[in-house]
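Residues per chain, in single letters:
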Amino acid sequence: MTVSGPGTPEPRPAAPGASSVEQLRKEGNELFKCGDYEGALTAYTQALGLGATPQDQAILHRNRAACHLKLEDYDKAETEASKAIEKDGGDVKALYRRSQALEKLGRLDQAVLDLQRCVSLEPKNKVFQEALRNIGGQIQEKVRYMSSTDAKVEQMFQILLDPQEKGTEKKQKASQNLVVLAREDAGAEKIFRSNGVQLLQRLLDTGEADLMLAALRTLVGICSEHQSRTVATLSVLGTRRVVSILGVENQAVSLAACHLLQVIFDALKEGVKKGFRGKEGAIIVDPARELKILISNLLELLTEVGVSGQGRDNALTLLIKTVPRKSLKDPNNSLTLWVIDQGLKKILEVGGSVQDPPGELMVTANSRMSASVLLSKLFDDLKCDAERENFHQLCENYIKSWFEGQGLAGKLRAIQTVSCLLQGPCEAGNRALELSGVMESVIALCASEQEEEQLVAVEALIHAAGKAKRASFITANGVSLLKDLYKRSEKDSIRIRALVGLCKLGSAGGTDFSMKQFAEGSTLKLAKQCRKWLCNDQIDAGTRRWAVEGLAYLTFDADVKEEFVEDEAALKALFQLSRSEERSVLFAVASALVNCTNSYDYEEPDPKMVELAKYAKQHVPEQHPKDKAGFVRARVKKLLAAGVVSAMTCMVKTESPVLTNSCRELLSRVFLALVDDVEDRGTVVAQGGGKALLPLALEGTDVGQTKAAQALAKLTITSNPEMTFPGERIYEVVRPLVSLLHLNCSGLQNFEALMALTNLAGISERLRQKILKEKAVPMIEGYMFEEHEMIRRAATECMCNLAMSKEVQDLFEAKGNDRLKLLVLYSGEDDELLRRAAAGGLAMLTSMRPSLCSRIPQVVSASVREGRWARNSLHAGGWWGAGGIPGHADVLLPGLSLLLGGGTALFPADHALAGDPAGLASKLQPGAAAPGCRGGTEHGGGLERHSQQPDGERSAGDPVGAG
């Protein structure tokens, strides 16, 4: 008897509605056998809603349990199996499936009871006997482990809490062992049940950094992905006590507390993900209430005197990660609204603070930028005009409260707050600038003799020039002031900021060569001075950051780009600064690199529209001659030689709110430009580019993730994936590549993703299973019908390699689909590579599934009758062989002869290396259709998505049948 599939019910007398229930059940079984578990689940659910008999309900519930097991949703699998058992207490399949679910959930004591019941019902069933032995061994191992750790846990705490053991090696080893033990769920549970949280609290109370670190890291293991233990831990330690550890001076302890709080937030939001649960099942309080208590304490910490600057930054980081919605599709932004009402003023107070003045809050160089990022995320999370208007009013009221009646100190704080808003939600910052007297005070304070006042005013002026409307106002009213400050000030900190203001105004035309704000050569002089300050090691990193800001604007000019990449010292200084503690420089560095590599979006204007604009006397943007492709390639090679990949890899690793999604997108754009030339890809891989691209492809803006995924595809095509992405990292590449198969991606991205997946599918069965799990097969099948010959060929090659998997073979063997017919047809096409791929797929399928051999003559005959065979497949000898039997061997000869002549049907992992993928990809570049392209536009339109579906069925739910 088979116990892993949905099962085959016995015939039963017909009942009202039975035919529909039976039909849906069989349809679900077919879908299950073909691996479409979601589809099978839907069919079984529909059948349950048609008034099934109790016997049918039991079968449908246990089949739903089987689907949930395959989908790894073990909680639902247990629920469905229990419903089946309620209908029929002797349903051995339901009992077995519930035991499987319980085992995965870690509830071994309950799983063994179900298995014992199975064995009692079918004592000769070897599957049940083997499962019972395995689970018995697991229980014994767990008992031994738990009993052996009892004494160890007690001994470790005795050593750690013994005052005589202070600073000894024995104490250090005990703390390390405690942390390691807590990483395993069973060990964490043991520590928790051994009064461990109270003992860890005593370690925290010692105030010793080493002991506090050990306690915090152990608490991370206890709370990780376990809601009940997290709530119990907070009730013992106290939320306020845990949050207060963030504010300690020791940076390592503050970071460890930050990590613990992040784990607590995740546990409260997501609940228990791991299987292990206590027998008593702790009662879970409302997680929303616990979250608000935690967030309220973090907001209070922001404005507490005595909290370290690092602790304040960590609190802001936690708020950035926790408060805004993960997806705008989630309709509930109540947490954001609550934080704005309760804590917006506290966030603005951090954003408006000045670094290290007496009597002010302690902040770091990154604190104000972190506050800007948080404000920006909160504002972006608002859903309607009323919510945004409330945000504006709160900001304006706070600024007015400092600007009016608080003297010069109040005006400085108000202006600093406006700067913070301009760097974050600039819409709110621009509205604040329009408040009465604010802009006038900024201009007036630029002429102050006090350096602190000048710094605040000049920075506000720079940020205010970000919008074209504001830039034009400042060009008319503030350029002379900035020039005067730049020429006459004796302080480099003022001069460099004034210079950045001039850079920002001078680049207002962007990449438009015809829009020059300053006289010819002025931008080159400004850039030269920026590079000089950037290379000056005597200036602190916070001030040199402004030189990078200036270059980020000036590198819109191609002349500046050319000089910058020639200056090796400046590039070296830029990359060193990107690795420094000055994290606020990251966006400026990424912006400068995007400009130098021309990786921003640019569309060649339509010549007809240009002529029309000239006739209408409208402005027409012009591209700089040095922004042509040849100059860009030369700049990319110089950046690679200077070590740009290593610097960008360090930037990606940064754990700071300054590394925003926008910053990630810029880095993705640069990486894509760096791997555009095949010759440069080896350098990118050697310097760690493959590793850096993975997080960029999995997190960030949609555009950024797509750009990073395309760069991964290019690397996977032309290099050995096992060397480019060693170890487990290679499996992380699959999901970004599959994302490029969606219809919203370009034809070139589809093509490169298919080629990359072909390489991965030829490496191992585990990688093929990963591709199947990401549901790529239906999309690959769709591209086999694509009218563009190169995409169609790449999809067929990919399917050829995937045919080594049993699940794909099941799809081809299923009755009632045209998959096999398509491969037979392609084996007679003109395109030699397409014939090779199709013939290789047929060879693989028929060798694995001999039953398919008998279907090929039928497929050929049907194709002839339907007139669907390609005309070029007709041979001089005619269609029919002797005896009236279709000459299918002759029909397949064009493709199969490639195999017999020393070719290969399967595409190995390095097949792209021998096939000049760069040459193929170049034909698919947007703006030029490939030679012989049947699916692209004929007049420079590049690839065009065709929505017409093929005649044959290509649903992923054409199964073989189920039990």
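Predicted model, so just to flag it, every value in this text is computed and none were measured.

What counts and how
- Residues numbered from 1 in each chain as written.
- Predicted model: local features only at pLDDT ≥ 70, side-chain atom pairs only at ≥ 80, totals over all residues.
- Heavy atoms only, no water.
- Helix = DSSP H or I, 4+ residues; strand = E, 2+ residues; numbered from the N terminus.
- Contact = heavy atoms within 4.5 Å.
- Areas by Shrake-Rupley, 256 points an atom, 1.4 Å probe, with all protein chains shown as cover.
- Phe/Tyr/Trp six-rings, centres within 6.5 Å; stacked < 30°, edge-to-face > 60°.
- Lys NZ or Arg CZ within 6 Å of the ring centre and 35° of its normal.
- UniProt positions renumbered as here; feature names shortened; annotations may be inferred.
- Expected span 1.5 Å × (residues − 1).
- Buried < 20%, exposed > 50% of the residue type's maximum accessible area, 1.4 Å probe, protein only.
- Arc of directions from axis to C-beta.
- Axes fitted to C-alpha atoms, helices over the stretch in contact; angles between N-to-C directions.
- Parallel < 35°, antiparallel > 145°, perpendicular 65-115°, else oblique.
- Left-handed = near helix turned anticlockwise from the far one by under 90°.
- Nonpolar A, V, L, I, M, F, W, Y, C, P; charged D, E, K, R; others polar.
- Salt bridge = Lys/Arg side-chain N within 4 Å of Asp/Glu carboxyl O.
- pLDDT = per-residue confidence, 0-100.

**As for the overall build of the protein chain**
Okay, so step 1: Along the protein chain, the regular secondary structure elements total 52 helices and 0 strands.
Okay, so step 2: Of the contacts made within the protein chain by residues no fewer than 6 positions apart, 71% connect residues no fewer than 24 positions apart.
Okay, so step 3: In the form shown here, the protein chain has an accessible surface area of approximately 43000 Å², with 51% of it arising from carbon and sulfur atoms.

**A closer look at the packing of aromatic side chains**
Here the distance between the centres and the angle between the planes together describe a pair of aromatic rings.
Okay, so step 1: Within the structure shown, the criterion is met by 3 aromatic pairs.
Okay, so step 2: Ring centres of F32 and Y37 lie 5.2 Å apart, and the angle between their planes is 65°; this geometry places the pair in the edge-to-face category.
Okay, so step 3: A centroid spacing of 5.3 Å and a plane angle of 45° characterise the contact between Y96 and F128, whose relative ring orientation is tilted. Taken together, the residues Y96 in helix 5 (residues 92-104) and F128 in helix 7 (residues 126-161) connect sequence positions 32 residues apart.
Okay, so step 4: A cation over an aromatic ring shows up here: R545 above the ring of W546, its NZ or CZ 4.5 Å from the ring centre.
Okay, so step 5: A cation over an aromatic ring shows up here: R766 above the ring of Y731, its NZ or CZ 3.9 Å from the ring centre.

**As for the UniProt feature "repeat: TPR" (unreviewed entry) in the protein chain**
Okay, so step 1: Within the UniProt annotation, "repeat: TPR" (unreviewed entry) is assigned to residues 92-125.
Okay, so step 2: Span residues 92-125 is 79% helix and 0% strand, its end C-alpha atoms 11 Å apart.

**A short note on helix 33 (residues 629-642)**
Okay, so step 1: Under the 1.5 Å per step criterion, the end-to-end length of helix 33 is 20 Å for 14 residues, consistent within 8% with the ideal 20 Å.
Okay, so step 2: Of the residues making up helix 33, those classed as buried are V632, R635, V636, L639 and L640. An end-on view of helix 33 places all buried positions within 140° of arc, on one side of the element.
Okay, so step 3: Close packing links the buried residues of helix 33 with helix 29 (558-566), helix 30 (568-578), helix 31 (586-597), helix 34 (644-652), helix 35 (661-674) and helix 36 (678-686).
Okay, so step 4: Backbone geometry just downstream of helix 33 places G643 in the positive-phi region, at approximately 95°.

**Some thoughts on helix 47 (residues 819-826)**
Okay, so step 1: Within helix 47, 8 of the 8 residues are buried, which leaves the element mostly enclosed by the surrounding structure.
Okay, so step 2: All buried positions along helix 47 are accounted for by R819, L820, K821, L822, L823, V824, L825 and Y826.

**Looking at the packing of helix 19 (residues 385-403) against helix 21 (residues 426-433)**
A pair of packed helices is captured by two measures, namely the crossing angle of their axes and the spacing between those axes.
Okay, so step 1: Where helix 19 meets helix 21, the closest approach of the two axes is 10 Å, and the angle between their N-to-C directions is 45°. For the element pair helix 19 / helix 21, the angle class is oblique. In terms of crossing hand, the pair formed by helix 19 and helix 21 is right-handed. For the pair formed by helix 19 and helix 21, the contact residues are E389, F391, H392, Q393, E396 and I399 on the first element and E427, A428, R431 and A432 on the second.
Okay, so step 2: Of the residues assigned to the contact of helix 19 with helix 21, the class counts are 4 nonpolar, 2 polar and 4 charged.

**Focus on the environment of L302**
Okay, so step 1: Structurally, L302 is set in helix 15 (residues 287-302).
Okay, so step 2: Sequence separation between L302 and R312 is 10 residues, and the spatial gap between their C-alpha atoms is 5.7 Å.
Okay, so step 3: Setting aside chain neighbours within four positions, we find L302 in contact with R312, A315, L316, L319, I347, V350 and L361.

**What about unusual backbone geometry?**
Okay, so step 1: For E72, which is not glycine, the phi dihedral falls at a positive 65°.
Okay, so step 2: Take E72: it is sitting in the loop between helix 3 (54-70) and helix 4 (74-87).
Okay, so step 3: With a phi angle near 55°, E225 is a residue other than glycine that sits in the positive phi range.
Okay, so step 4: Here E225 shows up in the loop between helix 11 (209-223) and helix 12 (227-237).
Okay, so step 5: For E225, a relative accessible area of 32% puts it in the partly exposed group.

**Concerning the packing of helix 17 (residues 334-351) against helix 19**
Okay, so step 1: Closest axis-to-axis distance for the helix 17/helix 19 pair is 10 Å, and the angle between their directions is 30°. Taken together, the axes of helix 17 and helix 19 are roughly parallel relative to one another. The two elements helix 17 and helix 19 meet at a crossing, and its hand is right-handed. Contacts from L337, I340, D341, L344, K345, L348 and E349 in helix 17 reach E387, N390, F391, L394, C395 and Y398 in helix 19.
Okay, so step 2: A class-by-class count of the residues in the contact of helix 17 with helix 19 yields 8 nonpolar, 1 polar and 4 charged.

**Considering the pattern of salt bridges**
Okay, so step 1: In the structure shown here, the tally under the stated rule is 41 salt bridges.
Okay, so step 2: Put simply, E304 and R240 hold a salt bridge, and the shortest N to O gap is 1.8 Å. One end of the pair, E304, is in the loop between helix 15 and helix 16 (309-322); the other, R240, is in helix 13 (residues 239-244), with 64 residues separating them in the sequence.
Okay, so step 3: Accessibility expressed as a relative area gives 27% for E304, which makes it partly exposed.
Okay, so step 4: A relative accessible area of 32% places R240 in the partly exposed class.
Okay, so step 5: A salt bridge links E728 to R766, with the shortest nitrogen-to-oxygen separation between them at 2.8 Å. Note that E728 is positioned in the loop between helix 39 (721-724) and helix 40 (729-732) and R766 in helix 43 (residues 765-773), a separation of 38 residues in sequence.

**Digging into the confidence of the model for the protein chain**
Okay, so step 1: Chain-level statistics for the protein chain give a pLDDT mean of 77 and a share of 78% at 70 or above.
Okay, so step 2: For residues 1-18, every residue scores under 50 in pLDDT, and the model assigns this stretch 39 contacts once sequence neighbours within four places are set aside.

**Describing the environment of L255**
Okay, so step 1: Along the chain, L255 turns up in helix 14 (residues 251-270).
Okay, so step 2: Sequence separation of L255 and G311 is 56 residues, and the distance between their C-alpha atoms is 8.0 Å.

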